[in-house]
Amino acid sequence: PPPQAAPPKPTLAEDAWLDEVEAHIERAEQDVADAEAALATAAAQQADHGALMAASEVLAGATTARDGAYARWQSLEDKRKAWQAWRAAQRGGRR
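Engineer: Could you clarify how one ought to interpret the overall build of the chain in this entry?
Structural biologist: Scanning the chain for helices and strands turns up 3 helices and 0 strands. Traced from its N-terminal end to its C-terminal end, the chain shows the element sequence α-α-α. Compactness check: the chain gives a C-alpha radius of gyration of 21 Å against a globular reference of 12 Å for 95 residues, more than 25% above the reference. Principal axes of the C-alpha set define a box for the chain whose edges measure 70 × 20 × 15 Å. By the burial criterion, 21% of the 95 residues in the chain qualify as buried. Of the contacts formed within the chain by residues at least 6 apart in sequence, a portion of 82% connects residues at least 24 apart. For the chain, the computed accessible surface area is about 6,800 Å², with 56% contributed by carbon and sulfur atoms. Placing the 11 positive and 15 negative side-chain charges of the chain at their respective mean positions leaves the two points 19 Å apart.

This is the structure:
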């Protein structure tokens, strides 16, 4: 059979991001928790509609960023695993 084409190799920046994924996720989770607390405070203080909307928008942004960080983590892990599997297969075929 013809050799299988190589999948995309993770870039140095992607590898660096993955190496620090726990810090990225922790920061994103903390941003969501902070935004939830700010929204709860605004609601408890019976803030005006504009303040509640602003706090809600901050929470939505933090949630989107967190979800994006998790999605990027999964995507880059999949990319890394595909590359590693391809490399292992290439090495195995040369023995």
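Engineer: What is the right way to look at the nonpolar core in this model?
Structural biologist: If you look at the biggest cluster of nonpolar residues, it comprises 6 residues: Trp17, Leu18, Val21, Ile25, Ala69 and Leu76. Of all the secondary-structure elements, those providing two or more residues to this core are helix 1 (12-19), helix 2 (21-44) and helix 3 (49-93). Among residues more than four places away in sequence, those in contact with leucine 18 are Trp73, Leu76, Glu77 and Arg80.

Engineer: Quick question: what am I supposed to make of the pattern of salt bridges here?
Structural biologist: When the charged atoms of two side chains with opposite charge come close together, those side chains can pair. Under the defined criterion, the tally for this structure stands at 5 salt bridges. The salt bridge partner of lysine 79 is glutamate 14, with a shortest N-O separation of 2.9 Å. Placement of the pair is lysine 79 in helix 3 and glutamate 14 in helix 1, with a sequence separation of 65 residues. A relative accessible area of 22% places lysine 79 in the partly exposed class.

Engineer: Even after reading the chapter, I still don't get unusual backbone geometry, so can you show me in this structure?
Structural biologist: Leaving glycine out, the prevailing phi sign among residues is negative, and the prevailing peptide bond configuration is trans. Of note in this structure, glutamine 46 is not a glycine but carries a positive phi near 50°. Mapped onto the elements, glutamine 46 comes out in the loop between helix 2 and helix 3. Relative accessible area serves as the criterion here: at 71%, glutamine 46 is assigned to the exposed category.

Engineer: Is there a simple way to explain the packing of aromatic side chains in this structure?
Structural biologist: Two measures describe an aromatic ring pair: the distance that separates the ring centres and the angle between the ring planes. Under the counting rule described, the total for this entry stands at 2 aromatic pairs. Directly above the aromatic system of tryptophan 17 lies the positively charged group of arginine 72, at a separation of 4.8 Å from the ring centroid.

Engineer: Help me understand the side chain of arginine 80 in this model?
Structural biologist: Relative to the helices and strands, arginine 80 is located in helix 3. Among all residues touching arginine 80, those that are not within four sequence positions of it are Pro10, Asp15, Leu18 and Asp19.

Engineer: Just checking my understanding: could you explain the environment of glutamate 26 for this structure?
Structural biologist: Looking at the element boundaries, glutamate 26 is found in helix 2. Judged by relative accessible area, glutamate 26 falls into the exposed class, the value being 57%.

Scoring rules and cut-offs
Residues numbered from 1 in each chain as written. Predicted model: local features only at pLDDT ≥ 70, side-chain atom pairs only at ≥ 80, totals over all residues. Heavy atoms only, no water. Helix = DSSP H or I, 4+ residues; strand = E, 2+ residues; numbered from the N terminus. Rg over C-alpha atoms; globule rule 2.2 N^0.38 Å. Buried < 20%, exposed > 50% of the residue type's maximum accessible area, 1.4 Å probe, protein only. Contact = heavy atoms within 4.5 Å. Areas by Shrake-Rupley, 256 points an atom, 1.4 Å probe, with all protein chains shown as cover. Lys, Arg positive; Asp, Glu negative; His and termini not counted. Charge placed at Lys NZ, Arg CZ, Asp CG, Glu CD. Core = buried A, V, L, I, M, F, W, Y, C linked by side-chain atoms within 4.5 Å. Salt bridge = Lys/Arg side-chain N within 4 Å of Asp/Glu carboxyl O. Phe/Tyr/Trp six-rings, centres within 6.5 Å; stacked < 30°, edge-to-face > 60°. Lys NZ or Arg CZ within 6 Å of the ring centre and 35° of its normal.

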